[in-house]
Structure formats: structure tokens, C-alpha cells
Amino acid sequence: MHIQVAIIGAGPAGLLLARVLELAGIETAVLERRTPDYLRQRIRAGLLEQGTVDFLSEVGVAARLKRERLIHQGVKLAFGGKRVRIDLEGLAGRAVSIYGQAEIQKDLMDAHAGAGTTIIYEAQDVSLHGLTDSTPRVRYRQNGLTHEMACDFIAGCDGFHGVSRQAIPQEVISTYERVYPFAWLGLLSDTRPVNDELIYVNHERGFALCTMRSRTRSRYYLQVSAHEDIEDWSDDRFWTELKRRLPRDAARGLETGPSIEKSIAPLRSFVAEPLRYGRLFLAGDAAHIVPPTGAKGLNLAVADVRYLSRALIAYYRSGRTDLTDAYSETCLARVWKAQRFSWWMTNLTHRFPEASPFERRAQAAELAYLEGSRAAQTVLAENYVGLPLSE
Ligand code: APR
Ligand code: PHB
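It should be emphasised that the depicted structure is a prediction, and the values quoted were computed from it without experimental measurement. (Residues numbered from 1 in each chain as written. Chains lettered and ligands numbered in written order. Predicted model: local features only at pLDDT ≥ 70, side-chain atom pairs only at ≥ 80, totals over all residues. Heavy atoms only, no water.)

Attention now moves to helix α1 (residues 12–23). Its 12 residues give α1 an end-to-end C-alpha distance of 16 Å, which sits within 8% of 16 Å, the value for a rise of 1.5 Å per residue. Most of α1 is tucked away: 10 of the 12 residues are buried. For α1, the complete set of buried residues consists of Pro-12, Ala-13, Gly-14, Leu-15, Leu-16, Leu-17, Ala-18, Arg-19, Val-20 and Leu-21. A positive phi of about 80 degrees marks Gly-25, the residue just after α1. (Helix = DSSP H or I, 4+ residues; strand = E, 2+ residues; numbered from the N terminus. Expected span 1.5 Å × (residues − 1). Buried < 20%, exposed > 50% of the residue type's maximum accessible area, 1.4 Å probe, protein only.)

Written out as C-alpha cells, the structure is:
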């Protein structure tokens, strides 16, 4: 079987790329090791930059997003019993949208179901071959049979634990990593959000985040140790700890209830370079991971797909190779800025067990500076809403 572009992974990056290429008349096949049901029920983050909304709209998968999203013109920081509002719209001229990533996954899967795209679920033992040949091949097993697919290009959209990045020879790839000494314990509940905007809390007991999925469904996160066991966290213990970290008035108004979902996620900053090896292109979490503090994970994956799709369409339409050759550099320029912002937001809002008294004072001084400086708030705002996408 020969296909123009083989895509490994049916997460947001893989499905969005397949959507854009199919609309441009380029044949794709998506190989995914999980089942559709598994992909539909994954709970993830939910904050979208305007650039992400615009691109999803451009490719016709934003109708429900635009109907159901919440639009936020600001975001709040709470520390030392105080609260500072960052006026995103006023300082950076843009708002952000709240819409669960799980919903984007469903919208993309529905769009593909309607378009009859080739998505091979439960594809096991995917392996990549001949990446520097003119016709690379992908092998996979399904229902006990081994299949091989020849293609022009392979897009590695298989996340951090996928096979694509591993297929790039060690001597070619460089990786940059920061693993944080804590994790996020997240809880989803059908309760009224404690505030109409997000609150990022820096508290001596650790970070907390108040976010939401709708006006009746809330999402809260607590900083916990990196080795925390979810079994040790009853709903009651979660709510009690959250109340301790919130500003008093917010704690008083906090509506609690049974959790729908509760999970712990490690925090890491990771970048692999380059994002291209021969006919293989990496996009999304396969190439880079950000700590969720800056809400950049999904937005970066969408930006990668925007650049990669433009490059492949230019190749197929006019034989251009300048955009495919520039893909890695173009993406990494944006990736590193989002990495810096996400790392900075994490340093600003979390308590580091190994921090010295000097570092604690410096963190407090940075928060005080942010409180009093329009310039500092503007820097936060313009990074939070998303830096302009280069053409
Ligand atoms: N073979 C086939 N499929 C695979 C393999 C493999 N060996 N390894 C992983 N996959 C699939 C996973 O099952 C998953 O569905 O690749 C998909 C990767 O999807 P994501 O992890 O969602 O990555 P991506 O599409 O890049 O989305 C990035 O997702 O996790 C968030 O914060 C992250 O927002 C970011 C976004
Ligand atoms: C979320 O809504 O889950 C969310 C929002 C902002 C973040 C991280 C997670 O920074």
C-alpha cells in the first residue's frame, strides 16, 4: 500500500494534520495504537490561544468550540493573601478560550468519521523504516497480521512515549530536559467554578490552580510531591487542602462535590532537536513537552501542524522544498519561547523543596514586581495569549 503521508498517532496533532492535508487533497493514513473510546475519554487541559482557535476554524472543526467555549479577557494570580488580575485583553489585545482538549479530540474524530479518513486504530508494534530513502515505510501489526505501508513522508505525532522520536539516530538528535521536583494532582467536578477567571495560586503549602470546563464543571490542580500516590487523596482531603491554599474569600465561596476524575501528572520541560530526520517530521508532544503552568501544550502542537501542513502542501502543489527544509527551525523558534514562558510561570508560582531562603525572597520580589509593573504584566499577558504566529 502506498500513501502520500503516513501519520503516527491520532491525538490532536495527528488528527489535525490529517484533516488539513485531506482538505488539500493529500492522502493520509493515521496509525493509532489505542481504541477510539480510549482517546475520547482522556481528560487533559483546556486553554486555547486565539491563534489555535483561528486555525481550527480555518479547517472547519471549530463550530462546537465557538458555541460552547468560555472567553476569558483576564487571568488572576494569588499570593500572600493578595490577588492580582492580569488584563489580557487590555495589555495584549487578545483573550483566551476555555474548551477542553477532550472536546477537540472528539470534534476531530467526528470530522474524520464524516470524511472517511483512513485511521487505523489498535495498530500495534508500529516501526519506521528507510527514513532517508525517497520512499520510507511503516510497519504495524493488527489482528495478528503484519502490514507494511510505503509513503512519501512520515509525520511523528505519537507523543512523548511514541516510536517516532526513537527512530531518529542518537547521533543526530539532541534533547534538552528539566524534570520538576513535584507533580500536579488534578480533580474534575460538576461544581460551579470558584471564580469566573482562572486563578494561579502561589502558597507556602504549594501551588494551586482553579480552572474550569464550563460554568457548571470545574477543574482544580494542587502541587504535590513527585512521588505522590493518588490512593492517598480522598476528595475530602483534596478540597480541604485546596481551601487552605486559596485566598480566604475564594475558599469561603468554594463549592465542593464528588470528583468525576482525579489524576496525578508529572511536570517536565523537554525539547528534541531537530524536528526532522530525512522524510520523518516530528510534531507536538513527540518533539516537545511543556509543564502545564503556561497552558502551551496543545497550542504548540497546533502551531507545529500549521507549519508542517503548509510545508507539505507547498511540496505537493509546487515541488517547493524550502518550507520542509525550514520546518524544524521555524517550529523550534516558537517552541523555545513557549518553553521559556512555561518554565518561568512554573518558577514563579510553585514552591521548590530545595529552594534557598534567598530564592524564596527573590520569588516573592518577582511577584511583588509583577503586582506593581504594567510592563511586567504585559510580558506575562502577551506570552499567555500566544505570541504571533510567523507566516
Ligand atoms: N504507535 C501508534 N500510536 C502511538 C504510539 C505508537 N507506538 N505511541 C503513541 N501513540 C499514540 C497515543 O496513543 C496518542 O493517542 O499517539 C498519540 C499521541 O497523542 P498526544 O499524546 O495527545 O500528543 P499530541 O497529539 O502531540 O498532542 C499534544 O496533547 O497531551 C497533550 O499537553 C499535550 O496538549 C498537548 C497535546
Ligand atoms: C486546564 O484548564 O486544565 C488548564 C488551564 C490552564 C493551565 C493548565 C491547565 O495552565
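Next comes the rest of the account.
Let us now look at the nonpolar core. The biggest cluster of nonpolar side chains holds 75 residues, and the ones touching the most others in it are Leu-16, Leu-31 and Val-138. For Leu-31, the residues in contact, after removing those within four places along its chain, are Ile-7, Ile-8, Gly-9, Ala-10, Ile-120, Ala-123, Val-126, Val-138, Tyr-140 and Met-149. Grouped together as the second largest cluster of nonpolar side chains are 34 residues, Val-75, Leu-88, Leu-209 and Phe-352 included. (Core = buried A, V, L, I, M, F, W, Y, C linked by side-chain atoms within 4.5 Å. Contact = heavy atoms within 4.5 Å.)

In summary, the side chains of a regular strand alternate between the two faces of the sheet. With 13 bridges joining them, strand β12 (residues 174–189) and strand β16 (residues 259–273) adopt antiparallel strand pairing. By the bridge assignment for β16, Thr-175 is matched with Ala-272. Two elements, β12 and strand β15 (residues 218–225), share 8 bridges in a ladder whose sense is antiparallel. Note that in β15 the partner of Leu-185 across the bridge is Leu-222. (Pairing = 2+ DSSP bridges.)

Close to ligand 1 lie 23 residues, the nearest being Glu-32, Arg-44, Gln-101, Asp-285 and Leu-298. The separation between an oxygen atom of ligand 1 and a polar main-chain atom of Ala-13 is 2.9 Å. Gln-101 has a polar side-chain atom sitting 2.9 Å from an oxygen atom of ligand 1. Of all the secondary structure elements, the ones that give two or more residues to the shell around ligand 1 are α1 and α9 (297–318). If one sorts the elements of the shell around ligand 1 by residue count, α9 sits on top with 3 residues. For the shell around ligand 1, the class distribution of residues is 9 nonpolar, 7 polar and 7 charged. (Near = heavy atom within 4 Å. Polar contact = N/O pair within 3.5 Å; in protein donor to acceptor, adjacent residues only side chain to side chain. Nonpolar A, V, L, I, M, F, W, Y, C, P; charged D, E, K, R; others polar.)

Time to look at unusual backbone geometry. Most of the time, phi is negative for any residue but glycine, and the peptide bond is trans. Residue Pro-274 is reached from Glu-273 by a cis peptide bond, and omega for that bond is -5 degrees. Mapped onto the secondary structure, Pro-274 falls in the loop between β16 and β17 (276–277). Even without being glycine, Asn-143 reaches a positive phi, approximately 50 degrees. In this model, Ala-295 sits at a positive phi of 55 degrees, which is unusual for a non-glycine residue. Mapped onto the fold, Ala-295 is located in the loop between β19 (288–289) and α9.

This part covers the site of ligand 2. Every residue close to ligand 2 is listed here: Ala-45, Gly-46, Trp-184, Leu-198, Tyr-200, Leu-209, Thr-211, Arg-213, Tyr-221, Pro-292, Thr-293 and Ala-295. With respect to ligand 2, the side chain of Arg-213 contributes an N or O atom lying 2.8 Å from an oxygen atom. One of the side-chain nitrogen or oxygen atoms of Tyr-221 is found 2.6 Å away from an oxygen atom of ligand 2. When the free accessible area of ligand 2 is taken as 280 Å², the share hidden by the protein chains comes to 99%. Looking at the shell around ligand 2 residue by residue, the class counts come to 8 nonpolar, 3 polar and 1 charged. (Areas by Shrake-Rupley, 256 points an atom, 1.4 Å probe, with all protein chains shown as cover.)

Another point: the sheet that holds strand β3 (residues 47–48). With antiparallel pairing, 3 strands are arranged side by side in an open sheet as β3-β7-β4. The sheet is open, and its two borders are formed by β3 and β4 (70–72), each paired with just one other strand. Here β4 runs beside strand β7 (residues 96–98); their pairing, made up of 3 bridges, is antiparallel. By the bridge assignment for β7, His-72 is matched with Val-96.

Both faces of strand β13 (residues 199–202) are covered, namely the face carrying Ile-199 and Val-201 and the face carrying Tyr-200 and Asn-202. One ladder, built from 3 bridges, connects β13 with strand β14 (residues 208–212); its direction is antiparallel. In the strand pairing of β14, Tyr-200 is matched with Leu-209. The antiparallel pairing of β13 with β14 creates a hairpin that spans 5 residues between the two strands, and Gly-206 there sits at a positive phi of about 125 degrees.

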